[in-house]
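# Structural description and commentary
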Amino acid sequence: MLRNGLYIIATPIGNLQDISERALSIMREVEVVACEDTRITKKLFALLGISLSKRFITYEDHNEDATTQKLIDIINSGQAIALLSDAGSPLISDPGYKLINRCREQNIYVTAIPGACALITALQLSGLPTNRFMFAGFIPNKDKARQDLFSELSPIDTTLVFYETAPRLLKTLQQAKNFFTKRKIAIARELTKMYEETVYGSIAEVIEYFTQNEPKGEFVLMIAPPREIHQYTLDDVRFQLQKRLGETSLKTAVKEICEQYNLNKNETYAFALELKNESSPR
Ligand code: SAM
């Protein structure tokens, strides 16, 4: 028997098999399901062979306030509610934030059953640095808002991740070209589905590709950081510097390592000097 509370459940983003055993068992057991579109969620339950004899309640952004209290009352009356979005992880460019916030304020039990999430799956496939990234949700539709967003985000030293739709993709890329010159991008499309595809290259190359191949389906757009962030540690730098210091001059070693890791010259020089002094006999 489930304890009363809210169960945030991730559902597949395409491939129906991407659902966990834990998600299935909670979906079978809950009395109430809060979801974006009851038709879509009922269809998912049916496809997964789960009984539809539960209460399905629509929970969207525009009715969040009214429905939030209703859901809180249901939980306080002793029931368990599953929160699902149409696909993927709830709350990630999907409703739910206010509900979780209210649950926190009222000390209501909340747990999350992790699973598919388009942005994470896309990042894994991208070939772009994953040690630091910023997810910025959907790209605005209006030119000015899009420009402002790109101008705000372009100096940030992380991989940028956006959700985008097929009809807007080429326009977005055309505008992105002005802000993210020379940066590699990756576009992941139709993840976990039959036509899954990841396109990688310069913005110009990707525009060319999608001009030849009409954009169809669901998209995640990812942009490499302004400087290539290598997934290295200080130990990697120390090791390489020490190695090169044993083989060449301090100046050459610093130059090479700075180029290799895109590091600041003065800081690297100081670090190399320290290493050299440490290793030289007193
Ligand atoms: N919460 C969801 C998640 O965890 O992925 C995202 C919901 S958001 C409303 C929907 C957007 O996510 C789509 O417009 C698309 O940009 C992206 N998306 C969802 N499924 C996708 C898929 N299978 N392949 C590529 N992108 C996908």
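Residues numbered from 1 in each chain as written. Predicted model: local features only at pLDDT ≥ 70, side-chain atom pairs only at ≥ 80, totals over all residues. Heavy atoms only, no water.

### Considering the packing of aromatic side chains
- All told, the structure shown has nine aromatic pairs when counted by the stated rule.
- Residues Y7 and Y109 carry aromatic rings whose centres are separated by 5.8 Å and whose planes lie at 65° to one another, so their mutual orientation is edge-to-face. Taken together, the residues span a long stretch of sequence, with Y7 in strand β1 (residues 5-9) and Y109 in the loop between α4 (97-105) and β5 (110-113) at a distance of 102 residues.
- Note on Y7: relative accessible area 4%, which makes it buried.
- Joined through ring pairs, the aromatic side chains of F150, F162, F179 and F180 make up one cluster. (Phe/Tyr/Trp six-rings, centres within 6.5 Å; stacked < 30°, edge-to-face > 60°. Helix = DSSP H or I, 4+ residues; strand = E, 2+ residues; numbered from the N terminus. Buried < 20%, exposed > 50% of the residue type's maximum accessible area, 1.4 Å probe, protein only.)

### Quick word on helix α10 (residues 250-261)
- Its twelve residues give α10 an end-to-end C-alpha distance of 16 Å, which sits within 8% of 16 Å, the value for a rise of 1.5 Å per residue.
- Buried within α10 we find L250, A253, V254, I257, C258 and Y261. What you see down the axis of α10 is that its buried residues fit within an arc of 125°, all on one side. Opposite the packed face of α10, turned more than 90 degrees from it, sit the exposed residues K251 and E259. (Expected span 1.5 Å × (residues − 1). Arc of directions from axis to C-beta.)

### Looking at the site of the ligand
- Near the ligand there are 18 residues, and of these S89, I92, D94, A118 and F219 occur at the shortest range.
- Within the backbone of L191, an N or O atom sits 2.9 Å from a nitrogen atom of the ligand.
- Contact distances for the ligand include 3.3 Å between a nitrogen atom and a side-chain N or O atom of E218.
- Across the complex, the protein chains shield 91% of the 570 Å² of accessible surface that the ligand would expose by itself.
- For the shell around the ligand, the secondary structure elements donating two or more residues are β7 (159-165) and β10 (218-223).
- A total of three residues in the shell around the ligand trace back to one element, the largest contributor, which is β10.
- Counted by class, the shell around the ligand contains ten nonpolar, three polar and five charged residues.
- When residues of the shell around the ligand are assigned to domains, at least three map to each of domain 1 (5-116) and domain 2 (119-228). (Near = heavy atom within 4 Å. Polar contact = N/O pair within 3.5 Å; in protein donor to acceptor, adjacent residues only side chain to side chain. Areas by Shrake-Rupley, 256 points an atom, 1.4 Å probe, with all protein chains shown as cover. Nonpolar A, V, L, I, M, F, W, Y, C, P; charged D, E, K, R; others polar. Domains from an automatic or database assignment.)

That is the geometry; function is a separate question.
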